[in-house]
Amino acid sequence: MDAIMLQEKLVERLLCPRVRTSRQKEKQYVGFATLPNQVHRKSVKKGFDFTLMVAGESGMGKSTLVNSLFLTDLYKDRKLLNAEERINQTVEIIKHTVDIEEKGVKLKLTIVDTPGFGDAVNNNECWKPITDYIDQQFEQYFRDESGLNRKNIQDNRVHCCLYFIPPFGHGLRPVDVEFMKALHEKVNVVPLIAKADCLTPSEIKKLKDRVRDEIERFGIKVYQFPECDSDEDEEFKQLDKELKECCPFAVIGSNTVVEARGQRVRGRLYPWGIVEVENQSHCDFVKLRNILIRSHMHDLKDVTCDMHYENYRAQCIQDMTSKLTQDNRMESPIPMLPQSTPDVETDRLIKMKDEELARMQEMLNKMQQQIHDGKDQ
Amino acid sequence: TPHSCKTVPGPGMGDFSYVGIDAILEQMRRKAMKQGFELNIMVVGQSGLGKSTLMNTLFKSKVSRKSVQATSQEKIPKTIHIKSVSHDIEEKGVRMKLTVIDTPGFGDQINNENCWQPIMKFINAQYEQYLQEEININRKKRIPDSRVHCCIYFIPPTGHCLRPLDVEFMRRLSKVVNIVPVIAKADTLTLEERDFFKQKIREELRANGIDVYPQKEFDEDAEDRMINDKIREMIPFAVVGSDQEYQVNGRRLLGRKTKWGTIEVENIAHCEFAYLRDLLIRTHMENIKDITSSIHYEVYRVRRLNENNTAVAHANGLPQHHMTSHEM
């Protein structure tokens, strides 16, 4: 459902039951019911941000899917390594940022790519650079949050991690299990079945059942959709139920437009037929897009802030206080901040902003001085 | 080329100039029919790439390990297992003992270092077994041939290029066995993607000095070279396997049915399964066996006979120092 529509619906619900005489209405209507609208307007002005991580072996269609989801072309100048170059490759973390605007709403989208994951012959702990990156973002936010100047905090925390499971296997492989377990308490993990157009409908069902089963068996905590409110209508509840039963989503991506059934659609052209990315009977792309962007983007951010980040923060504070007592120092009410990991870019930005603030402060002082001098004359 | 002499009865000459040499072909054929053929194919690739299904499709019967073993759910083993399953199949009076050698666990672990070793060991063990029989004083009339004639290597259809694991495996094993690489589950690639992928793979095979079947150095004559060059332009074959039949245009065909169409396995406009089948079975089967016995096996034999160690003590594979000198 549209964010705007939701807000309007809310306002309606709040106002409707109070239909009485106009006089009584005036008396009882305070006016804060418009608050959601005000928040909404402010958010639109401020803009939103969202950080999405994609992980999985090379060739699973990650880049294509990201481009399909956000209708972007983020990987235009990418160079693919060949096998020889990959032999000594380690897992890298690469960020792409793009500003998207639609109907006046601005989104700053950051895609965190993880090339090299799972591609080597020996993939022991290949997830470590990824967990380190996520921790670093938490740490940076923790420092900023605990700092004195909190006006320009940049939130680089990862809100969601799409994990691409190959469709070729019979379920989860050892590397899939280990990766998801290393990440499930740090980020919202959304497992996907990649390149789903190589599976028949019965194979997809079998694979999904198997993956769901193994996720439960291995105790992997993937992102859970929040429960429906009990007062939602039946249609909404039914949709929600279907969504949950569809996990993991079997997706296909495409950046090419083909002609199918007299229409131009995004799809893949095979000699035996055309796969349409946005056809719900072909794959779950539409469901994934709706979840990620249209209905659950905010919840993904909330869970990241309220659960994953708070867990990190609590753990951090615990570690620090236990270290303090170990060191036999005086217990200070505010724990010392953790050692910052060198992040040149962020440091530079913070320095810039600090300098700017200092300049503005100076100007203000000057102006005040002038006014004061003016008064005196 | 050897000087060939053909006697053809001229008009009005009767049977004086016809010797009947060519009748030997018929004799050989009859003997072969009586004896039957042996073919040992190994399949190597990660779990779920359709190895068992492809074997069943190739031989149009349930010859794979999975069809024989009752497995409730396919589990990835923690180490590599080598499992052989043999079947006697017959077609138009010709009998064949087909052995499919499966390698579950290959490439499925987090750390796949040296996962080619058990496979290399197995292949050498078959050569060793044959050698033992050969050097016996009292030899069997027909030595049972368990040597791996062909190793089909399944490349996952990523569409990008070979993975380090693929290069490592093929580089080492192409020196001891005929490797036929295939692109597995090719119904996930469009024709464009498939051509790009194949080109990349061929480039990488060349760059790494990997000689897959049909190897250029074993072409016997110009005719061979011409035929094999055409094949070398096409490998690796992009295959799709299926053991289910569907009704398409009034015919029953092997295929895969999806919501957007039915993939016909034997239709060369859809995938290259038919080319693989023709290569392995209809045209080059004898050549594959020939190269195994007259080249790969002979290399092994010469090396073993040059050693000073007793064959008995090392019946299960080459001693370590020979293994390393053999590898690049």
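Residues numbered from 1 in each chain as written. Chains lettered and ligands numbered in written order. Predicted model: local features only at pLDDT ≥ 70, side-chain atom pairs only at ≥ 80, totals over all residues. Heavy atoms only, no water.

- An unreviewed UniProt entry lists chain B under the name Septin-type G domain-containing protein, from Oncorhynchus tshawytscha.
- In its Sequence similarities (unreviewed entry) section, the UniProt record describing chain B reads: "Belongs to the TRAFAC class TrmE-Era-EngA-EngB-Septin-like GTPase superfamily. Septin GTPase family."
- UniProt lists a comment for chain B under the heading Subcellular location (unreviewed entry), and it reads "Cytoplasm, Cytoskeleton". (UniProt positions renumbered as here; feature names shortened; annotations may be inferred.)

- Named according to an unreviewed UniProt entry, chain A is Septin originating from Oncorhynchus tshawytscha.
- Here is the UniProt Subcellular location (unreviewed entry) comment for chain A, exactly as written: "Cytoplasm".
- The Sequence similarities (unreviewed entry) comment attached to chain A in UniProt states, word for word, "Belongs to the TRAFAC class TrmE-Era-EngA-EngB-Septin-like GTPase superfamily. Septin GTPase family."

### So, the overall build of chain B
Inference 1: Counting secondary structure elements, chain B contains 10 helices and 9 strands.
Inference 2: Burial status across chain B gives 50% buried among its 328 residues.
Inference 3: Long-range contacts, defined here as pairs at least 24 residues apart, represent 67% of the contacts in chain B between residues at least 6 apart.
Inference 4: A total of about 17000 Å² of accessible surface is found on chain B, and carbon and sulfur atoms cover 52% of it. (Helix = DSSP H or I, 4+ residues; strand = E, 2+ residues; numbered from the N terminus. Buried < 20%, exposed > 50% of the residue type's maximum accessible area, 1.4 Å probe, protein only. Contact = heavy atoms within 4.5 Å. Areas by Shrake-Rupley, 256 points an atom, 1.4 Å probe, with all protein chains shown as cover.)

### As for unusual backbone geometry
Inference 1: The peptide bond linking Cys 247 of chain A to Pro 248 of chain A adopts the cis configuration, its omega dihedral lying at -5 degrees.
Inference 2: As for its placement among the helices and strands, Pro 248 of chain A is situated in the loop between α9 (234–245) and β6 (249–250).
Inference 3: A cis amide bond links Tyr 213 of chain B to the next residue, Pro 214 of chain B, at an omega of -5 degrees.
Inference 4: Mapped onto the secondary structure, Pro 214 of chain B falls in the loop between α6 (191–207) and α7 (222–234).
Inference 5: Phi angles above zero are rare outside glycine, and Arg 261 of chain A is one such case at about 50 degrees.
Inference 6: On the basis of relative accessibility, which here comes to 62%, the residue Arg 261 of chain A falls in the exposed class.
Inference 7: One non-glycine residue, Lys 92 of chain B, lies in the positive phi region at around 50 degrees.
Inference 8: Mapped onto the elements of the fold, Lys 92 of chain B is located in the loop between β2 (83–91) and β3 (94–102).

### Here's the deal with the sheet that holds strand β9 (residues 261–264) of chain B
All names here are of chain B.
Inference 1: If you trace the 3 strands from one edge of the open sheet to the other, you get β7-β8-β9, paired in antiparallel fashion. With partners counted over all chains shown, the strands left at the sheet margins are β7 (245–248) and β9, one partner each. Neighbour to neighbour, the strand axes of the sheet diverge by 65 degrees on average, direction disregarded.
Inference 2: Direction of pairing for β7 relative to strand β8 (residues 251–258): antiparallel, over a ladder of 4 bridges. (Pairing = 2+ DSSP bridges. Axes fitted to C-alpha atoms, helices over the stretch in contact; angles between N-to-C directions.)

### Focus: the confidence of the model for chain A
All names here are of chain A.
Inference 1: For chain A, the average pLDDT comes to 81, and 82% of its residues sit at 70 or higher.
Inference 2: Predicted confidence in chain A is weakest over helix α2 (residues 22–28), with a mean pLDDT of 49, and strongest over strand β4 (residues 160–165), with 96.
Inference 3: Residue range residues 16–26 is modelled with pLDDT below 50. Its contacts to residues more than four positions away, or to other chains, number 4 contacts.
Inference 4: Below a pLDDT of 50 lies the segment residues 331–336, which in the model reaches 6 contacts outside its immediate sequence neighbourhood of four places, other chains included. (pLDDT = per-residue confidence, 0-100.)

### Observations concerning the pattern of salt bridges
Inference 1: What the rule picks out here adds up to 40 salt bridges over all chains.
Inference 2: In this structure, the salt-bridge partner of Arg 210 of chain A is Glu 214 of chain A, at a minimum N-O distance of 3.3 Å. Of this pair, Arg 210 of chain A and Glu 214 of chain A both sit in helix α8 (residues 201–217), separated by 4 residues, roughly a single helical turn. In this structure, Arg 210 of chain A and Glu 214 of chain A share a single accessibility class: buried.
Inference 3: Residues joined in a network through salt bridges with shared partners are Lys 60, Glu 266, Arg 277, Asp 278 and Arg 282 of chain B. (Salt bridge = Lys/Arg side-chain N within 4 Å of Asp/Glu carboxyl O.)

### Description of a nonpolar patch on the surface
All names here are of chain B.
Inference 1: Judged by side-chain polarity, Val 19, Ile 21, Ile 24, Leu 25 and Met 28 come together as a nonpolar surface patch covering roughly 560 Å² of accessible area.
Inference 2: With respect to the helices and strands, Val 19 occurs in the segment before α1 (23–35).
Inference 3: Here Val 19 falls in the exposed class, since its relative accessible area comes to 64%. (Patch = residues over 30% accessible without salt bridge, like charges linked within 9 Å, V, L, I, M, F, W, Y side chains within 5 Å.)

### Let's talk about the sheet that holds strand β6 (residues 237–238) of chain B
All names here are of chain B.
Inference 1: Ordered by their spatial adjacency, 6 strands build an open sheet running β2-β3-β1-β4-β5-β6, and the pairing between neighbours is mixed. This sheet does not close on itself; its edge strands, each paired only once, are β2 and β6.
Inference 2: Relative to β6, strand β5 (residues 179–183) runs parallel, the two sharing 2 bridges. Paired with Ile 183 across the strands is Ala 238, a residue of β6.
Inference 3: In this fold helix α4 (residues 117–134) packs onto β1 (37–44), β2 and β3, with an angle of close to 170 degrees to the strand it touches most, β1.

### What about the pairing of β4 of chain A?
All names here are of chain A.
Inference 1: Burial of β4 is extensive: 6 of the 6 residues sit out of reach of the surface.
Inference 2: Two strands pair when backbone bridges link them, and β4 and strand β5 (residues 189–193) are joined in this way by 5 bridges, in the parallel orientation. In the strand pairing of β5, Cys 161 is matched with Val 189.
Inference 3: In the classification by handedness, the crossover that spans β4, the intervening helix α7 (residues 174–183) and the parallel β5 is right-handed. (Right-handed = clockwise from strand over helix to strand, strands pointing away.)

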